[in-house]
Every structure is written in C-alpha cells, then in structure tokens.
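Fold and contact review
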2 protein chains.
Amino acid sequence: MIKKSFPVESDTETINIDQQVYEQIKRAIFDHRLPPGTKLTEEKLSDLFAVSRERIRKVLQRLSYDKCVSLKPNRGAYVAQPSVQEARDVFATRGLIESHIVELVVQNATEADYAHLEQNIAREYAAHQQGRLNEAIALSGEFHLLLAEISRNIVLLDILRDLVARSSLIIAMYGRQSFSLCGYEDHQVFLKRLKTRQVQQAKKLMQEHLRTLEAQLYFEARSARDIDLTEVFKPKA
Amino acid sequence: MIKKSFPVESDTETINIDQQVYEQIKRAIFDHRLPPGTKLTEEKLSDLFAVSRERIRKVLQRLSYDKCVSLKPNRGAYVAQPSVQEARDVFATRGLIESHIVELVVQNATEADYAHLEQNIAREYAAHQQGRLNEAIALSGEFHLLLAEISRNIVLLDILRDLVARSSLIIAMYGRQSFSLCGYEDHQVFLKRLKTRQVQQAKKLMQEHLRTLEAQLYFEARSARDIDLTEVFKPKA
DNA sequence: ATGCTTGACATTGTGCACAATTAATTTTAG
DNA sequence: CTAAAATTAATTGTGCACAATGTCAAGCAT
C-alpha cells in the first residue's frame, strides 16, 4: 500500500480519458457543432483536449469504426459524410431491426422495464419544455436503445447503437433546420400500445415513426459547397 | 519522380501489411488453429510476422472491434470466448436479417447475380469433393455475404459480415467435431427457389438452414475446463 | 500449515522523435 | 504568359525507449 501513491486517481482517470475524449467529439458531431466534412487535425485536437496526439489518433480510429469519421490515408480524419444510399440503408435497416425489437419487447418486458420507458419519456418531455433541445434529442435516441435493451438481445442492441449514432449524423447532414425529430408524443402513444400488447399496432407505429424521420430529410437540394467532388467525379459507380 | 525511390513498392505493400496480418490471424481463428481463449502475446506475434509490435497492437484492437478477440486492460489479448447468450443472439439476428435479405434479393437480383451465386456453389462443391474443407467453409460463408451484396443494402452487408465472422468463432467454440455446416445442397435448392421467385419458400429455407446450424451446437455438455468462471459468478445476470 | 507481504519478472501502455507522404507554392523553361 | 518541375510546408505514420501495471513465487509472520 506504500508504493502506489494515488491508485484511484491514476487508475480511473487514465482509463476514462480515452472515453471522455471519444464522447466529447462524438457529441460535438451529433450536436452539429462539427458539420460533416470538417477536418479533424490530430494536433489541434490534442492541443484542445490537452492530451497526447496518439491518444487522439486512437480515438479517431475508433470513431472511424463507428462510421462517424472517415480516415483517409496520409490525409487525415474528416467528419463522415454519409452518402444518400447509406442514409436510406440505415433507415431501412432500423425499420427491420426495430420492428423485430418491438416483438421481443412485448414478449419480455417486465413492469420495471415499462417504468424505465416512462421515466425516459418524462425526461424527454421536460427537456423539450425547458428548451434543452440537444438533451431532448439524446433522450429520444435513448428511448430506442432502451427498447433494444429490453429485447434482451445483445447483438441487436449493439447494432442499433451503431445505427442510432449514424442516424444523428445523417440528420446533421440532410436534415432541415426545422427538423422535428421523434415527437415525444409518438413515444407516449407507442408505449400505450406496447403495454396493452398490441404488437401489430406497435410495430406499425414504429415503422411510421422511422418513415416520418426519413421523410424529413432532403436528399436532393444540396448547396454547392456541401458537394463532395470526389463523389461527383469518381470514375465508376 | 527522382525522389521517390520505389513508390509502388512502399505504397501498396505498407498498406497491405496491416490487412495481411489481420486476415491471417482472423483466418487462423476461424480454422480452429487458434481456439477460443488462446492468449495472443503482442511480442510473439510481432516476431512471428516480422512486423513491429505497434502494428500487431493496432490489428488486435481492430479484431476486438469485430469481437473476435477480447482485450483485457494491462492483461493482453485473447481469442474471444462468445457466451452462450451471445451465440444464440447472433443466430437469432442472422435469421432476422437474412430473411429480409432474401426478399430484397428476389426484388433486385439480375441474371449476372444469379450467375455469381451459381459460380460460388460450384466452387463450394469442388472444394468439398476435393477435401479442402476450410475452403468449403469459407465459400459457404461467402454465399451468404454474396446474397447480402445482391440485396444492395450496404448496411445489411456490413452487419452480416460481422455476424458471419462471429458465427465461425461460435462454431469453433461450441461445434461438434462432426459439424456438417451448410451443406452445399442446401444452397442449391435455395437458389432454385430464389430463381423462381418463391419468396416465402426461400425465406423458410434460409431460416431452417440457420436453425440447423444452431441445432448442431452443444451449449450444455461443456467440459469443466471450458467453463468461464466470470460468467458463472457474475453479480447479476 | 495457512495467509499475507514483498520483490522480481513479464507484458502492456504511452510519449517522443523522426520518417514518409501529400498538398501548396515557387521557380523555370518554352 | 502558361505549364511542368522542383522545392517547401504541413500533417500523418512508425519505431523506439521507458513507464505503468499485473502476475507469480518466495519469505515471513501468525
């Protein structure tokens, strides 16, 4: 017990630094503070967070696995610019997976689970009323993840975590200013159907919910400065 | 043009080294040459492949994202030991996703696509007949991925790639010696249904196919040495 | 004999310095 | 004045050395 000077401090803080930097950058991307295409220079980030460059490097690599940043060899890291195709595929896949999650939830949900869902909705409502929009958005995403947790399928949860994150980025890229998101009312009605075990209606609601989200994107009228020239002039495809 | 001594050599080879090491390790895991739980020491691997330790480190990290190795802080890397729960979830998720892929394939497949599928089956058959079992297994997995490609949904393809890889690991862990895998006949019959646009039958075949796979695993009668104590004694489950 | 502390060893983790690559700018020849 | 070539600058990539951490075994006390 003599050797270790401050075990708690060195241990926990060191472990969390990676995670903290990771989450801060991710949050910044989802809050539109870092629009798609923004260059993420390793040195600038390392200065900004007061950590070493290799730590940033590791975080950026992790973010690239999440498809939140694209890593171009010897060119650096950029906030990802999901293609229209990718955007459509993400939402289509969410429809498939979340419909199935709804079935599993109706099968498996306990009273405690429903309580958690209600709590989440309440917090989302509060955040909405008090104008904390970013928090409301985050909670809205968490509602979907909460359902995945209740489905008791770890793999589906992992996949959906990924898809929800990418959805945020897609909305940042293609969403209008007046993007309404999941209304919390949607979640409220949905939960009611869930509790009364109306599986088919719940599934339908979920699919509509996602379709509404997707319908609010505008894939066509992109301003010139947003266009990725590489995408436009690439040889084939 | 004078400065660059051998641009092609340095470029392509350097880029591929990571990929090559990655694939060799992954292949070794799937071919049962590295059983689940095997310790993967950074230094040994770097000596073995004659590359630097940091390169190995990066590859191991990537493999941990694929859930093929588990990285324990300050303890090293081990070939992953998927839990029974995870195994079940992987197959359940494959059922969901691949059923949907079947629908998309019937909608989108061109003649060229069907030709590719037939080619794959032929090669799988040949590998089987000539006793190249590992190759047959790989081709069998590729058949499923080929379907995902034809579905024209990039996200589904990515997810399935992941799940197929994890399936290999699960089979390595829980499969009997006499594991029969996807018989190539299954694929043959399946393709016939596909071509005649018999969607429901094709979907049913796919689901049966996966269920057969899963049924050949034995989760119960594990020998004592295989039991993961962490799993047994974990606080709440 | 059992349990705890201590020290040596092995392995992983991190920061730094330098190499390699690419983009931008300037130079130079036609 | 234009265009190709060469230089320069900025940024990423890699290997090395050292620090931190965890494991194992031996010794000591109970």
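In the block above lies the structure referred to throughout.
Summarised in this report is the structure supplied together with it. (Residues numbered from 1 in each chain as written. Chains lettered and ligands numbered in written order. Predicted model: local features only at pLDDT ≥ 70, side-chain atom pairs only at ≥ 80, totals over all residues. Heavy atoms only, no water.)

Considerations on the overall build of chain A
- Looking only at helices and strands, chain A has 10 helices and 3 strands in total.
- The helix and strand sequence of chain A, counted from the amino end, reads α-β-α-α-β-β-α-α-α-α-α-α-α.
- Of all 237 residues assigned to chain A, the portion counted as buried reaches 43%.
- Long-range contacts, defined as pairs at least 24 residues apart, comprise 73% of the intrachain contacts of chain A with a sequence gap of at least 6.
- Only carbon and sulfur atoms are counted for the fraction: they give 52% of the accessible area of chain A, which is about 13,700 Å². (Helix = DSSP H or I, 4+ residues; strand = E, 2+ residues; numbered from the N terminus. Buried < 20%, exposed > 50% of the residue type's maximum accessible area, 1.4 Å probe, protein only. Contact = heavy atoms within 4.5 Å. Areas by Shrake-Rupley, 256 points an atom, 1.4 Å probe, with all protein chains shown as cover.)

Details of the nonpolar core
- One finds A:Leu117, A:Leu147, A:Leu194, B:Leu117, B:Leu147 and B:Leu194 to be the most contacted residues of the largest nonpolar core, which totals 80 residues.
- Excluding its chain neighbours within four sequence positions, the residues that come into contact with A:Leu117 are A:Phe143, A:Leu146, A:Leu147, A:Ile150, A:Leu191 and A:Leu194. (Core = buried A, V, L, I, M, F, W, Y, C linked by side-chain atoms within 4.5 Å.)

Observations regarding helix α6 (residues 133-150) of chain A
- Compared with an ideal rise of 1.5 Å per residue, which puts 18 residues at 26 Å, α6(A) spans 26 Å between its outermost C-alpha atoms and is within 8% of the ideal.
- Of the residues making up α6(A), those classed as buried are A:Ala136, A:Leu139, A:Ser140, A:Gly141, A:Phe143, A:His144, A:Leu145, A:Leu146, A:Leu147, A:Ala148 and A:Ile150. (Expected span 1.5 Å × (residues − 1).)

Focus: the packing of helix α6 (residues 133-150) of chain B against helix α7 (residues 154-174) of chain B
All names here are of chain B.
- Remark: α6 packs on α7, axes separated minimally by 9 Å, with the N-to-C direction vectors making an angle of 170 degrees. When the axes of α6 and α7 are compared, the pair comes out roughly antiparallel. Across the interface between the two elements, Gly141, His144, Leu145, Ala148 and Glu149 from α6 touch Leu157, Leu160, Arg161 and Val164 from α7.
- By residue class, the composition of the contact of α6 with α7 is 5 nonpolar, 2 polar and 2 charged. (Axes fitted to C-alpha atoms, helices over the stretch in contact; angles between N-to-C directions. Parallel < 35°, antiparallel > 145°, perpendicular 65-115°, else oblique. Nonpolar A, V, L, I, M, F, W, Y, C, P; charged D, E, K, R; others polar.)

Focus on the sheet that holds strand β3 (residues 76-79) of chain A
All names here are of chain A.
- What the 3 strands build is an open sheet, ordered β1-β3-β2; its pairing is antiparallel. The strands lining the two open edges of the sheet, one partner per strand, are β1 (39-40) and β2 (69-72).
- Direction of pairing for β1 relative to β3: antiparallel, over a ladder of 2 bridges. The residue of β3 that forms the bridge with Leu40 is Ala77.
- Against the sheet, helix α3 (residues 53-65) contacts β1, β2 and β3, and its axis sits at roughly 115 degrees relative to β2. (Pairing = 2+ DSSP bridges.)

Points about the protein's contact with DNA strand D
- A:Arg53, A:Arg57, B:Ser52, B:Glu54 and B:Arg75 are the nearest of the 21 residues found near DNA strand D.
- Considering DNA strand D, the proportion of its atoms within 4 Å of the protein that are sugar or phosphate atoms stands at 65%.
- At 2.5 Å from a phosphate oxygen of DNA strand D is found a side-chain nitrogen or oxygen belonging to B:Ser52.
- Note that a sugar or linking oxygen of DNA strand D is positioned 3.2 Å from one of the side-chain N or O atoms of B:Asn74.
- Contributions of two or more residues to the surface near DNA strand D are made by α1 (7-30), β1 and α3 of chain A together with α3 (53-65) of chain B.
- Of the residues that constitute the surface near DNA strand D, the class distribution is 2 nonpolar, 7 polar and 12 charged. (Near = heavy atom within 4 Å. Polar contact = N/O pair within 3.5 Å; in protein donor to acceptor, adjacent residues only side chain to side chain.)

Examining the interface of chain B and chain A
- With 23 residues of chain B at the interface, the matching set in chain A holds 23 residues.
- Both faces considered, chain B and chain A share a buried interface measuring about 1,900 Å² in area, 64% of it formed by carbon and sulfur atoms.
- The largest per-residue losses of area from chain B upon contact with chain A belong to B:Tyr65, B:Leu96 and B:Val155, which jointly make up 30% of the total buried on that side.
- For the pair chain B and chain A, the number of links is 2 salt bridges.
- Here chain B and chain A share 6 residue pairs in polar contact (both at pLDDT 80 or more) between them.
- At the level of secondary structure, the elements contributing two or more residues to the side of chain B that touches chain A comprise α3, α4 (84-108) and α7 of chain B.
- With 9 residues, α4(B) is the single largest residue contributor to the side of chain B that touches chain A.
- Along the lines of polarity and charge, the residues of the side of chain B that touches chain A split into 10 nonpolar, 5 polar and 8 charged. (Buried area = accessible area lost by both parts, 1.4 Å probe. Salt bridge = Lys/Arg side-chain N within 4 Å of Asp/Glu carboxyl O.)

Digging into the relation of the copies chain B and chain A
- Rotating chain B by 180 degrees about the axis while translating it 0.0 Å along that axis superimposes it on chain A, leaving an RMSD of 0.0 Å. One copy is carried onto the other by what is essentially a two-fold rotation axis.
- Most of the interface of chain B is mirrored in chain A, where 100% of its interface residues are also at the interface. (Least-squares fit on C-alpha atoms with pLDDT ≥ 70 in both.)

Digging into the pairing of β3(A)
Residues and elements named next belong to chain A.
- As judged from the 4 bridges shared by β2 and β3, these two strands associate in the antiparallel manner. Bridge pairing links Lys72 to Gly76 in β3.
- Where β2 folds back on β3, the antiparallel hairpin that results is connected by 3 residues, among which Asn74 adopts a positive phi of roughly 60 degrees.

Here we look at the sheet that holds strand β1 (residues 39-40) of chain B
Residue and element names in this part refer to chain B.
- Here we have 3 strands laid out as an open sheet, ordered β1-β3-β2, and antiparallel in their pairing. Each edge of the sheet is formed by a strand with only one pairing partner; in this case those strands are β1 and β2 (69-72).
- Along the sheet, α3 contacts β1, β2 and β3 (76-79); its crossing angle with β2, the most-contacted strand, is approximately 115 degrees.

Comments concerning the pattern of salt bridges
- On inspection of all chains with the given rule, the structure shows 30 salt bridges over all chains.
- Among the salt bridges present, the one from A:Arg132 reaches A:Glu135, with a minimum N-O distance of 3.2 Å.
- Note on A:Glu135: relative accessible area 36%, which makes it partly exposed.
- Ionic pairing is found between B:Lys67 and A:Asp158, a salt bridge with its closest N-O pair at 2.8 Å. Of the two residues, B:Lys67 sits in the loop between α3 and β2 while A:Asp158 sits in helix α7 (residues 154-174), which places them in two different chains.
- Given the relative accessible area of 35%, B:Lys67 is considered partly exposed.
- In this structure A:Asp158 comes out as partly exposed when scored by relative accessible area, which is 24%.

Description of the packing of aromatic side chains
- Inspection of every chain in the model, using the stated rule, returns 3 aromatic pairs over all chains.
- Ring centres of B:Phe143 and B:Phe190 lie 6.2 Å apart, and the angle between their planes is 75 degrees; this geometry places the pair in the edge-to-face category. Within this pair, whereas B:Phe143 is found in helix α6, its partner B:Phe190 is found in helix α8 (residues 184-195), the two being separated by 47 residues in sequence.
- Looking at B:Phe190, the relative accessible area reads 5%, which means it is buried.
- Seen from the ring of A:Tyr78, A:Lys72 lies directly overhead, with NZ or CZ sitting 4.9 Å from the centre.
- Over the ring of B:Tyr22 we find B:Arg62; its NZ or CZ atom is 3.6 Å from the centre of that ring. (Phe/Tyr/Trp six-rings, centres within 6.5 Å; stacked < 30°, edge-to-face > 60°. Lys NZ or Arg CZ within 6 Å of the ring centre and 35° of its normal.)

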